[in-house]
Amino acid sequence: MTDAADLRRRTAELLAAHPPATTDRLEFLRARFDAGLAWVHFPQGLGGLDAPRSLQAVVDAELEGTGAPDNDPGRIGIGLGMAAPTILRFGTDEQKQRFLRPLWTGEEVWCQLFSEPGAGSDLAALATRAVREDGGEAGSGGDWIVDGQKVWTSSAHLARWAILIARTDPGVPKHRGISYFVCDMTDPGVEVRPLRQITGEAEFNEVFLTGVRIPDAHRLGEVGEGWKVAQTTLMNERVAIGGARIPREGGMIGVATADWRARPELRTHDLHQRLLKLWVEAEVARLTGERLRQQLTKGQPGPEGSGMKLAFARLAQEISGWEVEFLAEDGLTYDDWTMRRPDGVDFTGREAGYRYLRAKGNSIEGGTSEVLLNIVAERVLGLPPEPRTDKDVAWKDLPR
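None of the values given here were measured: they were computed from a predicted structure. (Residues numbered from 1 in each chain as written. Predicted model: local features only at pLDDT ≥ 70, side-chain atom pairs only at ≥ 80, totals over all residues. Heavy atoms only, no water.)

Enquirer: Would you mind going over the overall build of the protein chain in detail, with residue names and values included?
Expert: Along its length, the protein chain carries 11 helices and 8 strands. Relative to the globule expectation of 21 Å for 400 residues, the C-alpha radius of gyration of the protein chain, 22 Å, shows essentially globular dimensions. With respect to the principal axes defined by its C-alpha atoms, the protein chain has extents near 70 × 55 × 45 Å. For the protein chain, the proportion of its 400 residues judged to be buried stands at 51%. Across the protein chain, contacts joining residues at least 24 apart in sequence account for 69% of those joining residues at least 6 apart. Summing over all exposed atoms, the protein chain offers an accessible surface of approximately 18,800 Å²; the carbon and sulfur share of this is 53%. Separation of charge centres in the protein chain, based on 49 positive and 59 negative side chains, amounts to 3 Å. (Helix = DSSP H or I, 4+ residues; strand = E, 2+ residues; numbered from the N terminus. Rg over C-alpha atoms; globule rule 2.2 N^0.38 Å. Buried < 20%, exposed > 50% of the residue type's maximum accessible area, 1.4 Å probe, protein only. Contact = heavy atoms within 4.5 Å. Areas by Shrake-Rupley, 256 points an atom, 1.4 Å probe, with all protein chains shown as cover. Lys, Arg positive; Asp, Glu negative; His and termini not counted. Charge placed at Lys NZ, Arg CZ, Asp CG, Glu CD.)

In structure tokens, the structure reads:
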């Protein structure tokens, strides 16, 4: 059984064999993965040591301050937080060996082709079609031909691979007849167009798929069971968005309190009371996130992650609104409205105006707040589900 002492020894051996000061960044990351110190709870040979997830903090603490490079998690967050756990659970041995190492080292960026113009909150209503080229059965080796459109795709302009869900059987109810694929974003027929946002940037994209050929070997899970596979992705996505580990008074509440301390001339009693309330709520959310991560050490993420994502979205919007109001005219400044396609989102490194505008998307991305409220009500609190008249109707017969 791997314990903390063993992990410290392994980390010391890694640093001795690959001194960060003299080792190429990518070489160090590959060596860390091969040593099982990437994500210690993953299986041996896949970046881990079959150790408890909680012991990852031991490795991270040993590497902190040594100059060891990280894998730029902000840039590859979709791969780390969504694609990797899905591939680990549903992928074949060949898929795990092919995809997980370059995913973790950042050599290959991933994106998520889920939402569509007519299937955002109601994701199961998706219309992108995947048709078996030769009409053969699963496992026959035939390619799938995919046609459709996806939208709100973060990092599509950077991505080498995408996790994709498409409809493979329109003659069954919408939650069935969906299959899950890995799509090569460099293939012919994949077109990525920028979506300029209220921030001026095009962090999101729309993706058009026209006759895209995907080999059956790039299918995750069984044909028609893509919704089951997608649930693993979505639950991990919400944990990744709402459950990130931050220190006390970290993140956006840390920026707000720093503004408060730096600008005493702008303080009012009302703003002080509101800031105290937001600070307490942010701390409650942080501690709840710690409890959620402890639960994750014992298994797969559950619907509780939806509650964390809900809290994150609400707090980000309320804190950024407070900050703009506190800073008065300074809160309305904006450094650069130039159209650009960034590598990620920077909630704490830019000005208040950017945070205020970008936070508006938090209640949409990763599952709308309205949908997440339903999940919490039904799956966490056990309340009666809403009536669903389309539950047993074939997708092709649904009104559109």
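Right, picking up where we left off after that structure.
Enquirer: Pulling in residues and values, what's your account of the packing of helix α2 (residues 25-34) against helix α5 (residues 93-105)?
Expert: The relative placement of two packed helices comes down to the angle between their axes together with the axis-to-axis distance. One way to put it is that α2 packs onto α5 with a least axis distance of 9 Å and a crossing angle of 130°. In terms of orientation, α2 and α5 fall into the oblique class. Between α2 and α5 the crossing geometry is right-handed. For the pair formed by α2 and α5, the contact residues are Leu26, Leu29, Arg30, Arg32, Phe33 and Asp34 on the first element and Leu100, Arg101, Trp104 and Thr105 on the second. Its residues assigned to classes, the contact of α2 with α5 shows 5 nonpolar, 1 polar and 4 charged. (Axes fitted to C-alpha atoms, helices over the stretch in contact; angles between N-to-C directions. Parallel < 35°, antiparallel > 145°, perpendicular 65-115°, else oblique. Left-handed = near helix turned anticlockwise from the far one by under 90°. Nonpolar A, V, L, I, M, F, W, Y, C, P; charged D, E, K, R; others polar.)

Enquirer: Quick one: what's the story with the environment of Thr153, residue by residue and with numbers?
Expert: Looking at the secondary structure, you find Thr153 in the loop between β3 (143-150) and β4 (161-167). Taking the relative accessible area as the measure of exposure, Thr153 reaches 0% and is therefore buried. Not counting residues within four places of it along the chain, the set of residues in contact with Thr153 comprises Cys111, Gln112, Leu113, Glu203, Phe204, Asn205 and Val207.

Enquirer: Tell me about the side chain of Glu108, and name the residues and values.
Expert: Mapped onto the fold, Glu108 is located in the loop between α5 and β1 (110-113). At 2.9 Å, the side chain of Glu108 forms a polar contact with the side chain of Arg98. Each residue touching Glu108, except ones within four places of it in the same chain, is listed here: Arg98, Pro102, Leu103, Arg160 and Trp161. (Polar contact = N/O pair within 3.5 Å; in protein donor to acceptor, adjacent residues only side chain to side chain.)

Enquirer: Break down the nonpolar core for me, with residues and values.
Expert: Ranked by size, the top nonpolar core spans 35 residues in total, and within it Trp39, Leu100, Trp110, Phe114, Ile165 and Tyr180 carry the most contacts. Contributing elements (two or more residues each) for this core: α2, α4 (77-90), α5, β4, β5 (178-184) and α6 (226-242). By residue number, the principal contributor to this core is α4, which donates 7 residues. The residues contacting Trp110, other than those within four sequence positions of it, are Ile78, Gly79, Ala83, Ile87, Phe99, Leu103, Ser155, Ala159, Trp161, Ala162, Ile163 and Val182. Counting residues in each nonpolar core, the second largest holds 19 residues, with Ala282, Val324, Phe326 and Leu327 among its members. (Core = buried A, V, L, I, M, F, W, Y, C linked by side-chain atoms within 4.5 Å.)

Enquirer: Can you break down unusual backbone geometry residue by residue, with the values?
Expert: In this model, Asp72 sits at a positive phi of 55°, which is unusual for a non-glycine residue. Here Asp72 is to be found in the loop between α3 (56-63) and α4. The backbone of Ser155 sits at a positive phi, close to 65°, despite the residue not being glycine. A residue is classified by how much of its surface remains accessible, and Ser155, at 10% relative accessible area, is buried.

Enquirer: Tell me about helix α7 (residues 251-262), residues and numbers included.
Expert: In a regular helix each residue adds 1.5 Å, so 12 residues correspond to 16 Å; α7 covers 17 Å between its end C-alpha atoms and thus fits that length. Looking only at α7, the buried set comprises Met252, Ile253, Gly254, Val255, Ala256, Thr257, Asp259 and Trp260. (Expected span 1.5 Å × (residues − 1).)

Purely geometric stuff here, so don't read any function into it on its own.
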